[in-house]
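Structure at a glance
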Amino acid sequence: QVQLVESGGGLVQAGGSLRLSCAATGIIFSRSVMAWYRQAPGKQRDLVAMITNGGITNYADSVKGRFTISRDNAVNTVYLQMNSLKPEDTAVYYCNAKDILFGRLSWGQGTQVTVSS
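Quick look at the structure, then. Quantities reported herein were computed from a predicted structural model and do not represent experimental measurements.

Thresholds applied
- Residues numbered from 1 in each chain as written.
- Predicted model: local features only at pLDDT ≥ 70, side-chain atom pairs only at ≥ 80, totals over all residues.
- Heavy atoms only, no water.
- Buried < 20%, exposed > 50% of the residue type's maximum accessible area, 1.4 Å probe, protein only.
- Helix = DSSP H or I, 4+ residues; strand = E, 2+ residues; numbered from the N terminus.
- Pairing = 2+ DSSP bridges.
- Core = buried A, V, L, I, M, F, W, Y, C linked by side-chain atoms within 4.5 Å.
- Salt bridge = Lys/Arg side-chain N within 4 Å of Asp/Glu carboxyl O.

A separate point is the pairing of strand β9 (residues 91–99). Across a regular strand the side chains alternate sides, sitting on one face of the sheet and then on the other. For β9, a buried count of seven out of nine residues is recorded, marking the element as mostly surrounded by other parts of the structure. Pairing between strand β4 (residues 32–39) and β9: eight bridges, direction antiparallel. Residue pairing for β9: Ser32 is matched across the bridge by Asp99. Here β9 pairs with strand β10 (residues 105–107) via three bridges, running antiparallel. Within the sheet, the bridge partner assigned to Asn96 lies in β10 and is Trp107. The turn linking β9 back onto β10 is made up of five residues, and Gly103 within it adopts a positive phi angle of 80 degrees.

Okay, structure coming up:
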């Protein structure tokens, strides 16, 4: 059974930092592209950052220079370090895994990030 369990969300003041974690089970982590998405109320779910199994990263323009995605294949976990947070970063953040061989997509349950001004 696939499980992606996010943690690390919370309430932070503008300019602060948070580190999200996503622990994966039931997937071949080393064969998966991992990503973070976010969804604000009334808006669509958008890609925030992604990291390939080879460590290549890509970021949404809105978070470049502030967020860093990383992964630890030894513990099947992907991270999102978020610095210089802004109120517009407020959203539910979702972890996503895509198996590069079979294309299967998996989602976590989401973790709330709220940035106060």
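Within the largest apolar cluster, 29 residues are counted, with the highest numbers of intra-cluster contacts made by Trp36, Val78, Leu80, Met82 and Tyr93. Of all the elements in the fold, those that place two or more residues in this core are β3 (18–25), β4, β5 (46–51), β7 (67–72), β8 (77–82), β9 and β11 (111–116).

On to the pattern of salt bridges, then. Using the criterion set out here, one finds four salt bridges in the structure. The residue Asp99 makes a salt bridge to Arg31 at a minimum N-O spacing of 2.8 Å. One end of the pair, Asp99, is in strand β9; the other, Arg31, is in the loop between β3 and β4, with 68 residues separating them in the sequence. Relative accessible area serves as the criterion here: at 10%, Asp99 is assigned to the buried category. Take Arg31: its relative accessible area is 22%, and that puts it in the partly exposed class.

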